[in-house]
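Geometric and topological summary
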Amino acid sequence: TKPYVFITRKIETEVLKEWTETFEVKMWEYEERPVPRAILLEEAAKADALLTMLSDKMDRELLDVAKNLKVIANLAVGYDNIDVPSATEKGITVCNTPDVLTDTTADLAFALLMATARRIVEAAEIVKEGKWTGWSPMLLAGHDIHHKTIGVVGMGKIGETVAKRATGFDMDILYHNRSRNVAAEERLGARYTSFEELITTSDFIVCLTPLTNETAGMFNKEAFMKMKQSAIFINVARGAVADEEALYEALVKGEIAGAGLDVFKQEPIGPDHPLLTLPNVVALPHIGSASVETRQGMIMLCLDNITHVLSGKQPKTIVKL
Ligand code: GLV
Ligand code: GLV
């Protein structure tokens with residue numbers, strides 16, 4: 001019998017057709033709606049492999065019923081939705097999609113930084129809504145980006161690639177990371193600082209750190225208070241790395257100047273989310289790696305990883321504890 005693979009969202013790609021010769025493949029039928037928990041549990045109990053989304057909770061309860069499961073291929077570089085220690089204990093390989101999304105995510109991070117600083121969304125809305133009454137000296141005047149200081153929190157591959165873009169804007173680059181990134185220091189002139197120095201001296205604070213017990217809520221009330229009043233906070237990592245209520249307070253009180261957010265603690269957010277009432281917030285629906293090419297690349301990488309593990313080979317990309 002063929003190994004059983006369950007894909008938790010509707011995805012389209014040519015190779016899946018060939019795949020059905022080797023594997024029995026079932027897919028959740030909707031693209032825009034996550035698979036209900038009850039169905040995910042049922043499928044996990046049967047599957048040899050799961051291709052999962054970051055919105056699927058792969059917790060202990062699920063892993064306990066997944067008696068045949070050999071591999072979880074998560075369609076994301078982040079894997080905070082997966083209980084990796086439990087999976088590892090059960091001999092289940094966990095794979096993510098690093099590298100293929102690095103440039104695309106760095107592009108989005110920089111686009112969001114620029115959009116927030118230069119008030120692009122607000123400006124475009126004014127034109128579309130017919131509220132543009134003519135040129136005026138301070139109309140939608142924003143913040144400069146060039147020659148400012150960018151502070152990257154989480155200097156992995158994506159952070160480094162954001163820093164590379166910043167060099168083209170003559171920015172001073174600071175970073176904070178669990179470990180030094182000597183390559184980034186040498187190639188990009190990035191300077192390692194404490195978290196404290198980074199948040200107090202940066203004009204743009206870009207959060208790219210994975211969500212872990214250590215990073216949850218690291219951007220808290222104290223952190224926002226220490227930032228410059230002109231600082232702009234950009235989050236393209238995970239919403240829970242920042243305390244959203246503290247961020248809202250900081251923006252309302254003018255402790256910081258703006259925020260560009262691609263991620264939220266509880267996704268999706270609805271139109272009544274307090275942060276959406278603020279004109280100096282640019283909010284995006286978690287689209288960091290969302291280019292057609294990159295999403296196809298991520299899907300292919302997940303499929304390759306599943307094929308590799310189910311045929312007893314090393315996956316291309318693996319999450320290690
Ligand atoms: C998206 O957030 C990812 O982790 O790839
Ligand atoms: C992970 O978030 C990375 O920076 O590659």
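Keep in mind that this is a model prediction, so the values were computed, not measured.

A few words on the sheet that holds strand β2 (residues 24-27). Taken in spatial order, the five strands of this open sheet run β2-β1-β3-β4-β5, and their pairing is parallel. The open sheet has two edge strands, β2 and β5 (93-95), and neither has a second partner. Averaged over neighbouring strand pairs, the angle between their axes works out to 15 degrees when direction is ignored. Sheet analysis places strand β4 (residues 71-74) next to β5, joined by three bridges and oriented parallel. Of the residues in β5, the one forming a bridge with Ile-72 is Val-94. Of the strands in this sheet, β1 (4-7), β3 (49-52), β4 and β5 touch helix α12 (residues 292-310), which is tilted by about 170 degrees from β4.

Moving on to the site of ligand 2. For ligand 2, the full set of nearby residues is Val-77, Pro-98, Gly-154, Gly-156, Lys-157, Ile-158, Gly-159, Leu-208 and Pro-210. Here the residues of the shell around ligand 2 sort into five nonpolar, three polar and one charged.

Let us look at the UniProt feature "domain: D-isomer specific 2-hydroxyacid dehydrogenase catalytic" (unreviewed entry) in the protein chain. In the numbering adopted here, UniProt assigns the feature "domain: D-isomer specific 2-hydroxyacid dehydrogenase catalytic" (unreviewed entry) to residues 5-319. This span, residues 5-319, is 36% helix and 14% strand, and a straight line between its end C-alpha atoms measures 20 Å.

Averaged over the protein chain, the pLDDT score is 97; the fraction of residues at 70 or greater is 100%. This prediction of the complex comes with two scores: 0.96 for pTM and 0.75 for ipTM.

Looking now at the site of ligand 1. With respect to spatial proximity, the complete set of residues near ligand 1 consists of Leu-54, Ala-76, Val-77, Gly-78, Leu-101, Gly-288 and Ser-289. Considered class by class, the residues forming the shell around ligand 1 number four nonpolar, three polar and no charged.

Turning our attention to the sheet that holds strand β10 (residues 232-235). Taken in spatial order, the seven strands make up an open sheet running β8-β7-β6-β9-β10-β11-β12, and their pairing is parallel. On the outer flanks of this sheet lie β8 (191-192) and β12 (281-283), each paired with one strand and no other. Relative to strand β9 (residues 204-207), strand β6 (residues 149-153) runs parallel, the two sharing four bridges. Considered in β9, the bridge of Val-153 is made with Cys-207.

Conventions and cut-offs
- Residues numbered from 1 in each chain as written.
- Chains lettered and ligands numbered in written order.
- Predicted model: local features only at pLDDT ≥ 70, side-chain atom pairs only at ≥ 80, totals over all residues.
- Pairing = 2+ DSSP bridges.
- Helix = DSSP H or I, 4+ residues; strand = E, 2+ residues; numbered from the N terminus.
- Axes fitted to C-alpha atoms, helices over the stretch in contact; angles between N-to-C directions.
- Contact = placed C-beta atoms within 7 Å.
- Near = placed C-beta within 6 Å.
- Nonpolar A, V, L, I, M, F, W, Y, C, P; charged D, E, K, R; others polar.
- UniProt positions renumbered as here; feature names shortened; annotations may be inferred.
- pLDDT = per-residue confidence, 0-100.

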